[in-house]
Amino acid sequence: MSTLRVGLRCDAGPRRGVGHLVRCLALAEEFLARGADVTVFGTVERLDWATAELAARGIPLLPGPDSAAELVEAARRHHLDVLVLDSYELDPAGAGALRAAGVYTLAIIDGDSRGQVADLYLDQNFGAELPDPGAEAGLGAGAGLPGRLLAGSGYALLRDTVISARPPVAPPATAVGRPRVLAFFGGTDAVGAAPVLTRVLVATGHPMDLTVIVGRPEIEAEVEDVTPGRGQIIRPVPPTTSLPALITEADLVVSAAGTSTWELCCLGAPTALVCVVDNQRESYTRVVRHGLAAGLGELPELTAGGVAGRAARATAARTLHGLLSSPQRRTTLATRAWSTVDGQGRARVVDAVFDAVRAAAVTG
């Protein structure tokens, strides 16, 4: 089999966040390790660290085609064998057009195929493989999808830096007077969650050494305006490639319920999650219900005014105080999370792609 030529179509930026790019980067690393030729197509806006991640791996970043015709033209121009589509914004007809042009197509989805007609679908969210009435009708068992569905956290896409930092066993929590807390909300914190949760953490009244990843200057300014309580230190830091190390060093992590959830699980981090956008709600609910992380509610509830907002923030602060003061609670979360995501998801996905492409070559 000749060298496989793989394209990954995704975007990242202050408004879109970086989740799509991060999981495509994880796939790219696996394809590169298997000897494939990899190119990313898309827009990466005002994220120097993200473009540096691609450059460090020798992955070209080219402008992203959007329409079905543009996707097919780009695939032909670059002689792609495989094109991975990871976007909520692309024309859904693109997947079917690529298939018709003989390009093997993988669509990464989050509970909604958006009508895409792909060869392979990936939904890496926990419990996605469980048939669920309602929002997942027709998706859980692959019903209604023309291609094969890889579903569940067994297919979570994780980068080299996360996999290499995974501890050999779930790390037990220890009693500490001033726990180390890490708070981050995506590569750009597009919805401004960091200042809100910093204030909720301060409201616990518990001593802590809090590191907050601030994705944008305006977020940093808001975090710096928060006055810590007695025994509390707040340290804003910019996005860093050392995030896995910060996660493994923390006694508690507070994060958005996005793609980083699977990184936190893989690393066995005791975690409290916030649902910051609507498309996280289903996964957030499942993860909290199964005890992989504690739930702090939804961001609009935590930012609301009046009695309802104060009650939501007080409830979240009580949850956080319970975690900060109980090593056993943190250990229970960490153990369940660590055992759920083993770090081999991307290998399973790439295995499926290679198997399908080889099979097509034989029958072709």
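Numbers given for residues are sequential positions, taken from 1 along each chain in its written order. With pLDDT at 70 or above as the cut-off, local features in this predicted model cover only qualifying residues; side-chain atom pairs require 80 or more to be listed or tallied, and sums for whole chains, interfaces and linings still use all residues. Only heavy atoms go into the side-chain values, all of them from the structure, while hydrogens and water stay out.

Tell me what's going on with the packing of helix 6 (residues 193–203) against helix 7 (residues 217–224), and back it up with residues and numbers.
Contact geometry of helix 6 with helix 7 gives a least axis separation of 8 Å together with a crossing angle of 15 degrees. Of the possible angle classes, the one that applies to helix 6 and helix 7 is roughly parallel. When you trace helix 6 past helix 7, the crossing you get is right-handed. Residues Ala194, Pro195 and Thr198 of helix 6 form the contact with helix 7, whose own contacting residues are Ile219, Glu222 and Val223. Classifying every residue of the contact of helix 6 with helix 7 gives four nonpolar, one polar and one charged. Axis angles are defined between N-to-C directions and span 0 to 180 degrees, where every axis is a line fitted to C-alpha atoms and, for a helix, only to the segment in contact. Helix numbers and strand numbers start at the N terminus; a helix is a DSSP run of H or I with at least 4 residues, a strand a run of E with at least 2. What sets the label is the angle itself: under 35 degrees gives roughly parallel, over 145 gives roughly antiparallel, 65 to 115 gives roughly perpendicular, and the rest give oblique. Should the near helix be turned anticlockwise from the far one by less than a right angle, the crossing is left-handed, and should it be turned clockwise, the crossing is right-handed. Residue contacts follow a heavy-atom distance rule, with two residues in contact if any of their heavy atoms lie within 4.5 Å. Under this grouping Gly is polar, as are all residues other than the nonpolar Ala, Val, Leu, Ile, Met, Phe, Trp, Tyr, Cys and Pro and the charged Asp, Glu, Lys and Arg.

Talk me through the nonpolar core; I want residue IDs and the actual numbers.
Among the buried residues, those of types Ala, Val, Leu, Ile, Met, Phe, Trp, Tyr and Cys that are joined through side-chain atoms within 4.5 Å form a nonpolar core. Categorising residues by exposure relies on relative accessible area from a 1.4 Å probe, with only protein chains included: less than 20% of the type maximum marks a residue as buried, more than 50% marks it as exposed, and the intermediate range marks it as partly exposed. Leu8, Leu27 and Phe31 are the most contacted members of the largest nonpolar core, which totals 37 residues. For this core, the secondary-structure elements that each account for two or more residues are strand 1 (5–9), helix 1 (19–33), strand 2 (37–41), helix 2 (48–56), strand 4 (82–85), strand 5 (104–108), strand 6 (120–123) and helix 14 (345–363). Sort the elements by how many residues they give to this core and helix 1 lands first, with eight residues. In this structure Leu8 touches Cys24, Leu27, Ala28, Val38, Thr39, Val40, Phe41, Leu83 and Val84, once residues within four positions along its chain are discounted. Core analysis: the second largest hydrophobic core is formed by 35 residues, Leu210, Val223, Ala272 and Leu323 among them.

Hey, could you go over the pattern of salt bridges for me, with residue numbers and the actual values?
What counts as a salt bridge is simple: a side-chain nitrogen of Lys or Arg found within 4 Å of a carboxyl oxygen of Asp or Glu. Counted according to the given criterion, the structure contains 22 salt bridges. Note that Asp66 is salt-bridged to Arg9, the shortest N-O span being 2.6 Å. Taken together, the residues span a long stretch of sequence, with Asp66 in the loop between strand 3 (61–62) and helix 3 (68–77) and Arg9 in strand 1 at a distance of 57 residues. Judged by its relative accessible area of 42%, Asp66 is partly exposed.

So what about the side chain of Thr39? Which residues, and what values?
By secondary structure assignment, the location of Thr39 is in strand 2. For Thr39, the contacting residues outside a window of four places in its chain are Val6, Gly7, Leu8, Ile59, Pro60 and Leu62.

Before we move on, could you go through helix 4 (residues 93–100) and cite the residues and values that matter?
Every buried residue of helix 4 is listed here: Gly94, Ala95 and Leu98. All buried residues of helix 4 lie within an arc of 100 degrees about the axis, which places them on one face of the element. The inward-facing, buried residues of helix 4 contact helix 3, strand 4 and strand 5. Gly102 sits one or two positions beyond helix 4 and adopts a positive phi of about 85 degrees. Here the arc refers to the set of directions running from the helix axis out to each C-beta atom.

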